[in-house]
Amino acid sequence: MELTSRKNETVRRFRDLARDKKLREELSVFVIEGDHLCGEAVTAGLEISLALLTEKARKKYPDASERLIAAADSYAVISEDIAEYISDTKSPQGLFAEVRIPQDRTMPNGRLVILDGVQDPGNVGTVIRTAEALGIGGAVMSCGCADIYSPKTLRASMGSVFRLPCITCDLPQMICSLIDDGYRVYGAMLDESAHKLGEISFPEKAAVVIGSEGRGISEEVRKACSDGLYIPITGAESLNAAVAAAVILWELSK
């Protein structure tokens, strides 16, 4: 039976989950869409409670569709109109899944990236993707960061959120704990009195804090850090948060 009504409870719930962080937290689930993300979720072994697919998608992506259906607790066929209604993109592929938020996320270790108030979901997802690509051990985020389970963050991460250890916590307290554990924590800032990137020899236990797009790292977090660092740039006032993170993480990964 095909779901065709926008008033259907399953349809409305899925659409609300894509748009409401509080609902995702309350129900401990998030939603994804598209051939790539659905496939990454299945490969990562995440618990998929529901799959929604159009008939067109089942024909176009037969392997991905069957893997998704096999991994899900239940599934339903939806109309093209419903796919457009619940989608967070302009051109939905017709594959959707509701996924349980892992409750046993691993505490990051090794070299880390820390995000302080980075509110753009595209930037958060891109940093997580970059961190995984460069072999960084994990990501730590302040409560003021964009939700890692928002559709835009998930798309920008290209599935890295499913694999890279990520936690959200009180940053000053976490930074103090890291320093007590032998870490050096570097706060990225526009301050030429800080250490110049490229001239730092990072220790094995090192973490870098990237601040928000507008104000940088908060004063409280700045005071908690062991050191400051800056990227020498000319011709522009500052770099986008995700770009700055990529430059710094490349150096950190060496």
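Residues numbered from 1 in each chain as written. Predicted model: local features only at pLDDT ≥ 70, side-chain atom pairs only at ≥ 80, totals over all residues. Heavy atoms only, no water.

## Some thoughts on the overall build of the protein
So, step 1. Looking only at helices and strands, one finds 11 helices and 12 strands in the protein.
So, step 2. Taken over C-alpha atoms, the radius of gyration comes to 20 Å for the protein, in line with the 18 Å a tight globule of 254 residues would show.
So, step 3. By its C-alpha atoms, the protein is 65 × 40 × 30 Å across when sized along the principal axes.
So, step 4. The burial tally for the protein puts 50% of its 254 residues in the buried class.
So, step 5. Taken as a whole, the protein presents about 12,500 Å² of accessible surface, with 47% of it coming from carbon and sulfur. (Helix = DSSP H or I, 4+ residues; strand = E, 2+ residues; numbered from the N terminus. Rg over C-alpha atoms; globule rule 2.2 N^0.38 Å. Buried < 20%, exposed > 50% of the residue type's maximum accessible area, 1.4 Å probe, protein only. Areas by Shrake-Rupley, 256 points an atom, 1.4 Å probe, with all protein chains shown as cover.)

## Describing the sheet that holds strand S9 (residues 184–188)
So, step 1. Across the sheet, which stays open at both edges, the seven strands sit in the order S8-S7-S6-S11-S9-S12-S10 with parallel pairing between neighbours. Here the strands that pair on one side only, and so sit at the sheet edges, are strand S8 (166–168) and strand S10 (195–196).
So, step 2. Pairing of strand S6 (residues 112–116) with strand S7 (residues 138–141), which is carried by four bridges, proceeds in the parallel orientation. Counterpart to leucine 115 in the pairing with S7 is methionine 141.
So, step 3. Running over the sheet, helix H7 (residues 121–133) touches S6, S7 and S8 and is turned about 170° from S6.
So, step 4. Sitting on the sheet, helix H9 (residues 171–180) touches S6, S7, S8, S9 and strand S11 (206–211), and the angle it makes with S6 is about 155°. (Pairing = 2+ DSSP bridges. Contact = heavy atoms within 4.5 Å. Axes fitted to C-alpha atoms, helices over the stretch in contact; angles between N-to-C directions.)

## Let's talk about the layout of surface pockets
So, step 1. The volume enclosed by the largest pocket comes to roughly 460 Å³.
So, step 2. The wall of the largest pocket is formed by 23 residues, among which Ala188, Leu190, Gly216, Ser238 and Leu239 lie closest to the centre.
So, step 3. If one sorts the elements of the lining of the largest pocket by residue count, helix H11 (residues 241–253) sits on top with three residues.
So, step 4. Classifying every residue of the lining of the largest pocket by side-chain character gives 13 nonpolar, six polar and four charged.
So, step 5. Here the second largest pocket is characterised by a volume of approximately 400 Å³.
So, step 6. In terms of lining, the second largest pocket is formed by 19 residues, of which the most central are Glu25, Asp147, Ile148, Tyr149 and Thr168.
So, step 7. When residues of the lining of the second largest pocket are traced back to their parent elements, those giving at least two are helix H2 (21–27) and S8. (1 Å grid on protein atoms, 1.4 Å probe; cavity = no way out; pocket = protein on both sides within 12 Å on 5 of 7 lines; lining within 4 Å. Points joined across faces, edges and corners; volume = space filled by probe spheres on them. Nonpolar A, V, L, I, M, F, W, Y, C, P; charged D, E, K, R; others polar.)

## So, the packing of H7 against H11
So, step 1. Contact geometry of H7 with H11 gives a least axis separation of 9 Å together with a crossing angle of 15°. The pairing of H7 with H11 is recorded here as roughly parallel in orientation. Read as a crossing pair, H7 and H11 show a hand that is right-handed. Contacts between H7 and H11 involve Asn123, Thr126, Val127, Thr130 and Ala131 from the former and Ala241, Ala242, Ala245, Ala246 and Leu249 from the latter. (Parallel < 35°, antiparallel > 145°, perpendicular 65-115°, else oblique. Left-handed = near helix turned anticlockwise from the far one by under 90°.)

## Comments concerning a negative patch on the surface
So, step 1. A grouping of Glu2, Glu55, Glu80 and Glu84 is seen on the molecular surface, where their side chains present a negatively charged patch.
So, step 2. Here glutamate 80 is to be found in helix H6 (residues 80–86).
So, step 3. Classification of glutamate 80 by relative accessible area gives partly exposed; the value is 38%. (Patch = residues over 30% accessible without salt bridge, like charges linked within 9 Å, V, L, I, M, F, W, Y side chains within 5 Å. Salt bridge = Lys/Arg side-chain N within 4 Å of Asp/Glu carboxyl O. Lys, Arg positive; Asp, Glu negative; His and termini not counted. Charge placed at Lys NZ, Arg CZ, Asp CG, Glu CD.)

## Quick notes on the packing of aromatic side chains
Think of a pair of aromatic rings as described by two things: how far the centres are apart, and how the planes are tilted against each other in angle.
So, step 1. The tally for this structure, following the rule as stated, stands at four aromatic pairs.
So, step 2. On the numbers, 5.7 Å between centres and 90° between planes, the contact of phenylalanine 14 with phenylalanine 96 is edge-to-face. Within this pair, whereas phenylalanine 14 is found in helix H1 (residues 9–19), its partner phenylalanine 96 is found in strand S5 (residues 95–100), the two being separated by 82 residues in sequence. Grouping residues by exposure puts phenylalanine 14 and phenylalanine 96 together as buried.
So, step 3. Through pairs of rings, three or more aromatic residues link up here, namely Phe30, Tyr149 and Phe162. (Phe/Tyr/Trp six-rings, centres within 6.5 Å; stacked < 30°, edge-to-face > 60°.)

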